[in-house]
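Topology and contacts: notes
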Amino acid sequence: MNKKSNIRSNKKVGKSIICLAILILMTGAAGLSGCGNNENKNRDRNSSLKAEAVFDSCPDDLQLDKILEKLTENNIFEGEMAKVSPAAVLESYGLKEGKDDTEIYVSYMSTAARADEITVIKSSNLKDVESLAQQYIDKRKKSFESYKPEEVKKLDDYLTVAYGGDSGIYILCVCSDKKAALSLIEAESVH
């Protein structure tokens, strides 16, 4: 084999590997979403999740960004909100990267020593995420009880929203006005 055909052969192998990697990523993303049509069943379905709102279908990333934008535009959170690194969130929740195809889509927390938070998690096991989120909230309550007890009320009345069945998207929202937050999320989720 001459040098020129060897280079062409290597390029073909490289392109094949790239195509295979893209195919695997696309298949994984489709499997991770685990969502059906866009109907709000709001606890009217046979879901073992305890979320305040449960939707059959998952919003795409643009819709998730729109939900986050609406929450921040409408002053749902107290104080400035800062993005938290996915690795820090995974550790805080006791999640392991890659386990159950769990991914932190985004997380924001108040920088003003408040309990306010919005975290969006994509996972193939929402039941586990929900359980770990409860444990996480319990730890934060203990922390705020000694540090800033007036914030514990928000942690006692946090909001959870789930999209999909066993797999999909889980939103944890800690704020002063849970009803307003839920209303904004529902308005953006029905489209």
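That block above? That's the structure.
This report concerns the structure included in the present document. Everything numeric in this text was worked out from a predicted model, so none of it was measured. (Residues numbered from 1 in each chain as written. Predicted model: local features only at pLDDT ≥ 70, side-chain atom pairs only at ≥ 80, totals over all residues. Heavy atoms only, no water.)

1. Re helix H4 (residues 126-147)
Between its terminal C-alpha atoms H4 stretches 31 Å, which fits the 32 Å expected from 22 residues at 1.5 Å a residue. Every buried residue of H4 is listed here: Leu126, Val129, Glu130, Leu132, Ala133, Tyr136, Ile137, Arg140, Lys141 and Phe144. (Helix = DSSP H or I, 4+ residues; strand = E, 2+ residues; numbered from the N terminus. Expected span 1.5 Å × (residues − 1). Buried < 20%, exposed > 50% of the residue type's maximum accessible area, 1.4 Å probe, protein only.)

2. Comments concerning the packing of aromatic side chains
Both the distance between ring centres and the angle between the ring planes are used here to describe each pair of aromatic rings. Taken as a whole and assessed by the stated rule, the structure comprises three aromatic pairs. When the centroid spacing of 4.1 Å and the interplanar angle of 15 degrees are considered together, the rings of Tyr93 and Tyr136 count as stacked. With Tyr93 in helix H3 (residues 86-93) and Tyr136 in helix H4, the pair connects residues that are 43 residues apart, well separated along the chain. When its relative accessible area of 6% is taken as the criterion, Tyr136 is described as buried. When the ring of Phe144 is compared with that of Tyr147, the centres are 6.0 Å apart and the planes differ by 55 degrees; the resulting orientation is tilted. (Phe/Tyr/Trp six-rings, centres within 6.5 Å; stacked < 30°, edge-to-face > 60°.)

3. A closer look at the state of the cysteines
Applying the stated rule across the entire model yields zero disulfides. Left without a disulfide partner, Cys173 is nearest to the cysteine sulfur of Cys175, which lies 4.0 Å away. (Disulfide = S-S within 2.5 Å.)

4. Considerations on the environment of Val54
Residue position: Val54 is located in strand E1 (residues 53-55). Along the chain, Val54 and Val161 lie 107 residues apart, while their C-alpha atoms are 5.9 Å from each other.

5. Here's the deal with the pattern of salt bridges
Close approach of charged atoms allows side chains of opposite charge to pair. Inspection of the entire model under this criterion finds eleven salt bridges. A salt bridge links Lys154 to Asp116; the shortest N-O distance between them is 2.5 Å. Here Asp116 lies in the loop between strand E3 (103-110) and strand E4 (117-123) and Lys154 lies in helix H5 (residues 152-156), a separation of 38 residues in the sequence. Owing to a relative accessible area of 0%, Asp116 belongs among the buried residues under this scheme. A single network of salt bridges, built from pairs that share partners, joins Glu78, Arg114, Asp116, Glu151 and Lys154. (Salt bridge = Lys/Arg side-chain N within 4 Å of Asp/Glu carboxyl O.)

6. Observations regarding unusual backbone geometry
Its identity as a non-glycine residue notwithstanding, Asn75 has a phi of 50 degrees, on the positive side. The phi angle at Ala113 is positive, at roughly 55 degrees, despite the residue not being glycine. Along the polypeptide, Ala113 turns up in the loop between E3 and E4. Here Ala113 falls in the partly exposed class, since its relative accessible area comes to 27%.

7. With respect to H3
When H3 is considered as a whole, its buried residues turn out to be Val89, Leu90 and Tyr93. In an axial view of H3, the angular spread of the buried residues amounts to 100 degrees, which keeps them on one side of the axis. Residues of H3 that are exposed and point more than 90 degrees away from the buried face comprise Ala87 and Glu91. In this structure, the buried residues of H3 make contact with E3, E4, H4 and strand E6 (168-174). Two residues or fewer past H3, Gly94 is found with a positive phi of approximately 75 degrees. (Arc of directions from axis to C-beta. Contact = heavy atoms within 4.5 Å.)

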